[in-house]
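Listed here are the chains, written in short residue letters.
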Amino acid sequence: MRTWGIAAAIGALVGLLLGLRFGLGAGLAIGLSATLALGWGLGRRARRRRALAKEPFPGEWRAVLAEAVGYYGDLDETDKARFEREVRFFVDEQVITGPRGAEVADELKVLVAASAVVVAFGRHGYRYPRSRDIVIYERSFDEDYQAGGNILGMVHGQGPILFSAASLRQGFRGENDGSNVGYHEFAHVLDFDQGRADGVPGFMPWATVGPWLKVMHEETAKIGKRRSILRKYAAKNEAEFFAVATELFFEQPERMKAKHPDLYELLRATYGQDPAG
């Protein structure tokens, strides 16, 4: 019922907006069609998730999480089970391949999914869009997607998400160094959720936006004076500031809270998580 309620609300909004332009009849027809299509799609996804949740979580995947993902290891048993479900859903719903559709190891799929789940774990019910393919290259690449460049990961506006497998693994291997390409790129995905990446993701609480913009610009100035724990790349633009700050928030939360308490509190409110305890 909740699924159809969401579909009906969106369909009504679509119908109203189009009705204002094309007439009431056309708006009602389009709104009804949108409700039915969206309700069917959401319902199908929900049924698939319920079925998957009843299946045992693969032992090999759990071993990857236990060995590589410290965030998962710090969870209690209830949250570990929820984390595993979200990983399972993500791998099932997203297209994750190598270049030109090549198969990739389950280990890499689990690390990609874990990256996505970590940053969204405090936002219960958040669902990543399924319109993006995820492509994993073996090593870093250049702007033409050829090996040997210095790009570790990339997110296009509404296109694919790209990773270097070596960098993805290293992000979890050096889990407390403040750098994790998985967290970085999925911060961009969340930032793009409203259409453009501007360092203010759509789920950021409205009351947080003003203070966030103020702190972001203050911290960017500190980076230029080498008075910030954020690395220089964060000063490139607002989107990169948010992504770099996200890495540090999850990898060195105690350090961020001690050195930049205002920044930490704003990210805590945004992500709905308190990794520093």
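Residues numbered from 1 in each chain as written. Predicted model: local features only at pLDDT ≥ 70, side-chain atom pairs only at ≥ 80, totals over all residues. Heavy atoms only, no water.

Focus: the overall build of the chain
When its secondary structure is counted, the chain shows 12 helices and 4 strands. Across the 277 residues that make up the chain, the buried fraction comes to 47%. For the chain, the share of sequence-separated contacts (at least 6 apart) that also reach a separation of at least 24 residues comes to 63%. Total accessible area on the chain stands at roughly 14,500 Å², and carbon and sulfur atoms take up 54% of it. (Helix = DSSP H or I, 4+ residues; strand = E, 2+ residues; numbered from the N terminus. Buried < 20%, exposed > 50% of the residue type's maximum accessible area, 1.4 Å probe, protein only. Contact = heavy atoms within 4.5 Å. Areas by Shrake-Rupley, 256 points an atom, 1.4 Å probe, with all protein chains shown as cover.)

A closer look at the pattern of salt bridges
Under the criterion given, the structure shown has 12 salt bridges. Residue glutamate 93 pairs with arginine 49 through a salt bridge whose shortest N-O separation is 2.7 Å. Placement of glutamate 93 in helix H5 (residues 77–93) and of arginine 49 in helix H2 (residues 24–53) is noted, with a sequence separation of 44 residues between them. Between arginine 88 and glutamate 55 there is a salt bridge; the shortest N-O distance is 2.7 Å. On the criterion of sequence distance, the pair formed by arginine 88 in helix H5 and glutamate 55 in the loop between H2 and helix H3 (59–68) is long-range, its members being 33 residues apart. Using a relative accessible area of 12% as the deciding quantity, one classes arginine 88 as buried. With relative accessibility at 39%, the residue glutamate 55 sits in the partly exposed group. (Salt bridge = Lys/Arg side-chain N within 4 Å of Asp/Glu carboxyl O.)

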